[in-house]
Amino acid sequence: MNILHFVNAFFSDGAHWHGYDGIPTRLREHVQYSLIALGVAAAIGLPVGLVTGHTGRGGNALAFVATAARALPSFGLLVLMFVLLGLGLLPVMIPLVVLAVPPILVTTYEAVRSVDPSPVDAARGMGMTEPRVLFQVELPVALPLILSGLLSAAVQIVSTATIAAYVSLGGLGRYIVDGLYQRDYEKVVGGATLVALLALVTLGAFWAVTRLVVSPGVRRGR
């Protein structure tokens, strides 16, 4: 039996579309976990990246922290948090946030630092305050690269949020974990396919957001 047969069998089974273990429920749980983790990571990474990029200070420390965070294994951190904190959403959110902060942090820093200094100096010469320089001059130009960092973090979160199933939570990882335990490879392949499709939807959503919020002039200049 090939993979396409497993995929067809999984999605054509009506039992997979209803109830607490149905695709809509598991998809909603997975999206919820992913949005919470991305929101927390953005709340941490964006302000720090913007400030350090604007001031040019702390770049080395930021790179060290980001590299150290990337080196942490998500599943190992999940197990450690589960041992320390027990069951719940928090042990899952911590490794997902740790995974997502580095690309947001580093990309935001690099995006602001890469802005042409000429308009920044001109804005300061006109008497603009530093917050106005950051948000009205640097941020609009840096926005495409910042969004690419958020996209990278979002795709990593969507792909990794399957670990929630290992600590008895829901999400699309439930199909993969339960399928492996039950030796139901139709369920394993179906769950993996749903995760891949959700990652593609995430790519499309960020493309649409970029088209909506980034100035056409900035898009053409890149």
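The structure this text deals with has already been given above.
Below you will find a few notes about this structure.

Rules used throughout
Residues numbered from 1 in each chain as written. Predicted model: local features only at pLDDT ≥ 70, side-chain atom pairs only at ≥ 80, totals over all residues. Heavy atoms only, no water. Helix = DSSP H or I, 4+ residues; strand = E, 2+ residues; numbered from the N terminus. Buried < 20%, exposed > 50% of the residue type's maximum accessible area, 1.4 Å probe, protein only. Contact = heavy atoms within 4.5 Å. Areas by Shrake-Rupley, 256 points an atom, 1.4 Å probe, with all protein chains shown as cover. Lys, Arg positive; Asp, Glu negative; His and termini not counted. Charge placed at Lys NZ, Arg CZ, Asp CG, Glu CD. Expected span 1.5 Å × (residues − 1). Arc of directions from axis to C-beta. Phe/Tyr/Trp six-rings, centres within 6.5 Å; stacked < 30°, edge-to-face > 60°. Patch = residues over 30% accessible without salt bridge, like charges linked within 9 Å, V, L, I, M, F, W, Y side chains within 5 Å. Salt bridge = Lys/Arg side-chain N within 4 Å of Asp/Glu carboxyl O. Bend = angle between axes of the 7 residues up to and from the residue. Core = buried A, V, L, I, M, F, W, Y, C linked by side-chain atoms within 4.5 Å. Axes fitted to C-alpha atoms, helices over the stretch in contact; angles between N-to-C directions. Left-handed = near helix turned anticlockwise from the far one by under 90°. Nonpolar A, V, L, I, M, F, W, Y, C, P; charged D, E, K, R; others polar. Polar contact = N/O pair within 3.5 Å; in protein donor to acceptor, adjacent residues only side chain to side chain.

**Overview of the overall build of the protein chain**
Consideration 1: The helix and strand inventory of the protein chain stands at 10 helices and zero strands.
Consideration 2: Reading the secondary structure of the protein chain in the N-to-C direction produces α-α-α-α-α-α-α-α-α-α.
Consideration 3: Summarising its shape, the C-alpha atoms of the protein chain cover approximately 65 × 40 × 25 Å along the three principal directions.
Consideration 4: When each of the 222 residues of the protein chain is scored for burial, the buried share is 44%.
Consideration 5: When contacts within the protein chain are restricted to residue pairs at least 6 apart in sequence, those whose partners lie at least 24 apart make up 76%.
Consideration 6: Of the roughly 11,700 Å² of accessible surface on the protein chain, a fraction of 67% belongs to carbon and sulfur atoms.
Consideration 7: Treating the 14 positive side-chain charges of the protein chain as one cloud and the 11 negative ones as another, the clouds have centres 6 Å apart.

**Some details on helix α4 (residues 74-85)**
Consideration 1: With 12 residues, α4 ought to run about 16 Å at 1.5 Å a step, and its terminal C-alpha atoms sit 16 Å apart, in line with that.
Consideration 2: Of the positions making up α4, those classed as buried are S74, L77, L78 and M81. One face of α4 carries all of its buried residues, which in axial projection span an arc of 105 degrees.
Consideration 3: Looking one or two places after α4, you find G86, whose phi comes out positive at around 80 degrees.

**Some points on the packing of aromatic side chains**
Consideration 1: Enumeration according to the criterion identifies four aromatic pairs in this entry.
Consideration 2: The structure contains a cluster of three or more aromatic residues connected by ring pairs, namely F10, F11, W17 and Y175.

**With respect to a nonpolar patch on the surface**
Consideration 1: A surface patch of nonpolar side chains, amounting to about 800 Å² of accessible area, comprises F75, V79, F82, V83, L87, Y166, L180 and Y185.
Consideration 2: The element that contributes the greatest number of residues to the nonpolar patch is α4, accounting for four residues.
Consideration 3: Position of V79 among the secondary structure elements: in helix α4.
Consideration 4: Under the relative-accessibility criterion, V79 is labelled partly exposed at 38%.

**Looking at unusual backbone geometry**
Consideration 1: Phi at S168 takes a positive value of approximately 70 degrees, unusual for a residue other than glycine.
Consideration 2: Mapping S168 onto the fold places it in the loop between α7 (130-160) and α8 (173-182).
Consideration 3: Overall, the relative accessible area of 56% leaves S168 in the exposed class.
Consideration 4: Its identity as a non-glycine residue notwithstanding, R183 has a phi of 60 degrees, on the positive side.
Consideration 5: Along the chain, R183 falls in the loop between α8 and α9 (185-213).
Consideration 6: Exposure remark for R183: the relative accessible area of 67% places this residue in the exposed category.

**Some thoughts on α7**
In an α-helix there are 3.6 residues to a turn, and that puts residues three or four apart on one side.
Consideration 1: Taking 1.5 Å as the rise per residue, α7 with 31 residues should run 45 Å; its terminal C-alpha atoms sit only 38 Å apart, a clear shortfall.
Consideration 2: Most pronounced at L139, the bend in α7 amounts to some 60 degrees, and the proline P140 follows within four residues.

**As for the nonpolar core**
Consideration 1: Formed by 41 residues in total, the largest nonpolar core has its most connected members in L38, V92, L96, I104 and L150.
Consideration 2: Going through the elements one at a time, α2 (23-55), α5 (90-113), α6 (117-125) and α7 are the ones with two or more residues in this core.
Consideration 3: Discounting chain neighbours no more than four positions away, the residues touching L96 are A37, I157, T160, A161 and I163.
Consideration 4: One finds F10, I23, V158 and A199 within the second-largest nonpolar core, a separate group that totals nine residues.

**Quick word on the packing of α4 against α5**
Consideration 1: It is the contact of α4 with α5, at a shortest axis distance of 8 Å, that shows an interaxial angle of 145 degrees. The chirality of how α4 crosses α5 is right-handed. Listed contacts from α5 to S74, L77, L78, M81, F82 and L85 of α4 are L90, P91, V92, I94, P95, V98 and L99.
Consideration 2: Of the residues assigned to the contact of α4 with α5, the class counts are 12 nonpolar, one polar and no charged.

**What to know about the environment of Y33**
Consideration 1: Tracing the sequence through the fold places Y33 in helix α2.
Consideration 2: Note on Y33: relative accessible area 9%, which makes it buried.
Consideration 3: Each C-alpha atom of the pair Y33 and G170 lies 9.3 Å from the other, and the pair is 137 residues apart in sequence.
Consideration 4: Ignoring any residue separated from it by four or fewer positions in sequence, one finds Y33 in contact with L89, M93, A164, L169, G170 and G171.
Consideration 5: Here the side chain of Y33 touches G170 through a polar contact of 3.1 Å, landing on its backbone nitrogen.

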